[in-house]
Amino acid sequence: MSFSLILLSLTTILSLISTLHAQSAPAPAPSGPINITGILEKAGQYTTFIRLLNQTQAGNQINNQLNNSNEGMTVFAPTDNAFLNLPAGTLNKLSTQQQVQLVQYHVLPKYYTVQNLQTVSNPVRTQATGQDGGLFGLNFTGQGNQVNVSTGIVDVPIYNAIRKDFPLAVYQVDKVLLPVEFTQAKAPAASPAALNGTKSDSSDNNKTPDAPAVANGSGKMSVGFGMVSCIWLMLCYLV
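By convention here, each chain's residues receive numbers from 1 onward along its written sequence. Where local features are concerned, this predicted model is filtered to residues with pLDDT of at least 70; where side-chain atom pairs are given and counted, the filter is 80 or more; whole-chain, interface and lining totals use all residues. Where side-chain values are given, they derive from all heavy atoms of the structure, hydrogens and water being excluded.

- The protein chain is annotated in an unreviewed UniProt entry as FAS1 domain-containing protein from Olea europaea subsp. europaea.
- UniProt positions are given in the numbering used here, feature names are shortened, and annotations may be inferred rather than shown by experiment. As stated in UniProt under Subcellular location (unreviewed entry), the record for the protein chain gives "Cell membrane".
- Note on the protein chain: under the UniProt heading Sequence similarities (unreviewed entry), the record states "Belongs to the fasciclin-like AGP family."

Regarding the confidence of the model for the protein chain
Do not read the fine detail of predicted coordinates wherever pLDDT is low.
Here is step 1: Summary of the metric used: pLDDT quantifies the predictor's per-residue confidence within the range 0 to 100. With 64% of its residues at a pLDDT of 70 or more, the protein chain shows a mean pLDDT of 76.
Here is step 2: Note that residues 185-225 has pLDDT below 50 and, in this model, 2 contacts with residues that lie over four places away or in other chains. Whether two residues are in contact is decided by their heavy atoms, any of which lying within 4.5 Å being enough.

As for the sheet that holds strand β8 (residues 168-173)
Here is step 1: Pairing within the open sheet is mixed, and its 4 strands lie in the order β2-β1-β8-β7. Each having just a single partner strand, β2 (107-108) and β7 (161-163) make up the two edges of the open sheet.
Here is step 2: Pairing between strand β1 (residues 73-78) and β2: 2 bridges, direction antiparallel. Within β2, the position partnered with valine 75 by the bridge is valine 107. What makes two strands pair is DSSP finding at least two bridges between them. Only DSSP runs of H or I with at least four residues qualify as helices, and only runs of E with at least two residues qualify as strands; both kinds are numbered from the N terminus onward.

Here we look at the nonpolar core
Here is step 1: Residues Leu40, Phe76, Leu117, Phe140 and Leu168 are the most contacted members of the largest nonpolar core, which totals 48 residues.
Here is step 2: Looking at this core element by element, the count peaks at 5 residues for β8.
Here is step 3: Dropping the residues within four chain positions of it, phenylalanine 140 is found in contact with Phe76, Leu108, Leu117, Val120, Asn122, Val124, Val147, Asn148, Val149 and Ile158. As used in this record, nonpolar core signifies buried Ala, Val, Leu, Ile, Met, Phe, Trp, Tyr and Cys residues forming a set joined through side-chain atoms within 4.5 Å. To sort residues, take the accessible area from a 1.4 Å probe on protein chains only and compare it with the maximum for the residue type: under 20% means buried, over 50% means exposed, and anything in between is partly exposed.

Focus on the packing of helix α2 (residues 36-43) against helix α3 (residues 47-55)
Here is step 1: Only the stretch in contact is used when a helix axis is fitted, and all axes are lines through C-alpha atoms; the angle between N-to-C directions ranges over 0 to 180 degrees. Contact geometry of α2 with α3 gives a least axis separation of 10 Å together with a crossing angle of 165°. The angle between the axes of α2 and α3 places the two elements in the roughly antiparallel class. Where α2 crosses over α3, the handedness of that crossing is left-handed. Contact residues: α2 offers Ile36, Thr37, Leu40 and Glu41, while α3 offers Phe49, Ile50, Leu53 and Asn54. By the definition adopted for this analysis, an angle is roughly parallel if under 35 degrees, roughly antiparallel if over 145, roughly perpendicular if from 65 to 115, and oblique otherwise. Left-handed describes a crossing whose near helix is turned anticlockwise from the far helix by less than a right angle; the clockwise case is right-handed.

Details of the side chain of threonine 90
Here is step 1: Here threonine 90 is to be found in the loop between α5 (80-84) and α6 (96-105).
Here is step 2: Polar contact is defined as a pair of N or O atoms within 3.5 Å, subject to the rule that within protein one atom must be able to donate a hydrogen and the other to accept it, and that residues adjacent in sequence are counted only when both atoms are side-chain atoms. Among the polar contacts made by the side chain of threonine 90, one reaches the main-chain carbonyl oxygen of proline 87 at a distance of 2.6 Å.

Concerning unusual backbone geometry
Here is step 1: For the bond from asparagine 122 to proline 123, the omega torsion is -5°, close enough to zero to count as cis.
Here is step 2: Position of proline 123 relative to the elements: it lies in the loop between α7 (114-117) and β3 (124-129).
Here is step 3: Of note, the amide linkage connecting phenylalanine 166 to proline 167 takes the cis form, showing an omega dihedral of 15°.
Here is step 4: For glutamine 45, which is not glycine, the phi dihedral falls at a positive 60°.
Here is step 5: For glutamine 57, which is not glycine, the phi torsion reads 65° and is therefore positive.
Here is step 6: Of note, glutamine 57 is situated in the loop between α3 and α4 (58-66).
Here is step 7: Looking at glutamine 57, the relative accessible area reads 42%, which means it is partly exposed.

Notes on the side chain of threonine 37
Here is step 1: Inspection of the secondary structure puts threonine 37 in helix α2.
Here is step 2: Of the polar contacts made by the side chain of threonine 37, one reaches the side chain of asparagine 35; its length is 2.6 Å.
Here is step 3: Those residues in contact with threonine 37 that sit more than four places away from it in its chain are Ile50, Leu53 and Asn54.

The following block contains the structure:
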């Protein structure tokens, strides 16, 4: 057998082996839908944030939007220690709507890398909105590889990325991002008199006081006494 025939046979055998190996190797499993709570559970130390995501249904909204959007999303996940460092009773004092706003305030409706956050135009809108439809915003400042996020009352560095692959970026924060809107005092309610357009009671002091009733009575008594005196004199004259 010539050398060329031997080489051809070996090439054919190697080709057949490669084909058989490729056919027997399992195909890679398709990646499933993104689940924000599953990502946080795997990372650990986010129990309180996960509970809020579930209670407010914000977790399901994030998952649905992630799997049906081309913009992606960015989530800032406070650790359990971040919630423990809040003043006692902070979460319990929040209304149901405020709890929803709090969770949504930690979510940006767009995917951002750390580098992107250093050059964004502040404020960056979040998923949270007020009763009047106004958007809650976050401010970002960066220097070198460090990026800080500020709410106006809370300022905290962004630490490690729990997930950074598009369409979802999840960053750890060691403080809960409390919106400044939660601390703004409401305008005092107007008094009923002001709402009705009436004047205060001080206007009554300008009225002319009524004449005393006693004076009127004494006048009547004087007239009556005079008439009795006249009748008595006439009787005395006739007698």
